[in-house]
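Now for the letters of each chain:
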Amino acid sequence: MTTLYDVPADDLIDAVAAKLEDRFDEPDWATYVKTGEGRELPPEQENFWHRRAASLLRKVATDGPIGVERLATQYGDKKDGSNRYQVAPEHRTDGSRKLIRTMLQQLEDEGLVDTEGSAGRIVTGDGRSLLDDTAGEVMEDLDRPELERYA
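Residues numbered from 1 in each chain as written. Predicted model: local features only at pLDDT ≥ 70, side-chain atom pairs only at ≥ 80, totals over all residues. Heavy atoms only, no water.

**Q** I'd like a rundown of the overall build of the protein, residues and numbers included.
**A** When helices and strands are counted, the protein shows five helices and four strands. Out of the 151 residues in the protein, the part that is buried amounts to 38%. Residue pairs at least 24 apart in sequence account for 64% of intrachain contacts in the protein once pairs closer than 6 positions are excluded. Put simply, the protein has 20 plus and 33 minus side-chain charges, and the middle of one group is 9 Å from the middle of the other. (Helix = DSSP H or I, 4+ residues; strand = E, 2+ residues; numbered from the N terminus. Buried < 20%, exposed > 50% of the residue type's maximum accessible area, 1.4 Å probe, protein only. Contact = heavy atoms within 4.5 Å. Lys, Arg positive; Asp, Glu negative; His and termini not counted. Charge placed at Lys NZ, Arg CZ, Asp CG, Glu CD.)

Following this line, the structure appears as structure tokens:
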């Protein structure tokens, strides 16, 4: 049986995002919000919300239990220093906790993620089966000979 670890992450995230589009909608304010302090503009992808939610689901499945703080750090970016003379070095910033928290709440409402006390979020059986079933579908569609041994 193919699991989420057996297929490339970007292909799995694309396939899961397509399935999540049927389950929930992005909020109205999501088109105007930046994804972190280090960004200047909101994302330009038309399905950004569902791609990020699929990525969060995969991260919770592989790293869980995991909290919003650690996820914000992982989705962070770098921010340039002073832009007038470039005298300050760039430094690391976190991603938007509001986006991550809202997506995790939507995934919880769908029954894919659950809260484990104060330890953070974990993936449920339904979430694991969604990821593994989608990984099997992705493996069948892949045309990469180096991945044939996992099929």
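**Q** Lay out the nonpolar core in plain terms, naming residues and giving numbers.
**A** By size, the foremost hydrophobic cluster in this structure holds 36 residues, and its most contacted members are Val16, Leu20, Leu57, Ile100 and Leu107. Where this core is concerned, the elements lending two or more residues are helix H1 (9-20), helix H2 (48-63), helix H3 (68-74), helix H4 (97-109) and helix H5 (125-141). In terms of residue count, the dominant contributor to this core is H2 (eight residues). Ignoring any residue separated from it by four or fewer positions in sequence, one finds Leu107 in contact with Leu20, Phe24, Ala53, Leu57, Leu112 and Val113. (Core = buried A, V, L, I, M, F, W, Y, C linked by side-chain atoms within 4.5 Å.)

**Q** Report on H1, specifying residues and quantitative values.
**A** The end-to-end C-alpha separation of H1 is 16 Å, in line with the 16 Å expected for twelve residues at 1.5 Å each. Regarding H1, the residues found buried are Leu12, Ile13, Val16, Ala17 and Leu20. The buried residues of H1 occupy one face: seen down the axis, they fall within an arc of 135°. At its buried positions, H1 is contacted by H2, H4 and H5. (Expected span 1.5 Å × (residues − 1). Arc of directions from axis to C-beta.)

**Q** How would you summarise the packing of H2 against H5 if you had to cite specific residues and measurements?
**A** Axis separation between H2 and H5 bottoms out at 11 Å; the angle between their running directions is 110°. Taken together, the axes of H2 and H5 lie roughly perpendicular to each other. On the side of H2, the interface is formed by Leu57, Arg58 and Ala61, while H5 contributes Arg128, Leu130 and Leu131. For the contact of H2 with H5, the per-class residue count stands at four nonpolar, no polar and two charged. (Axes fitted to C-alpha atoms, helices over the stretch in contact; angles between N-to-C directions. Parallel < 35°, antiparallel > 145°, perpendicular 65-115°, else oblique. Nonpolar A, V, L, I, M, F, W, Y, C, P; charged D, E, K, R; others polar.)

These figures capture arrangement, not role.
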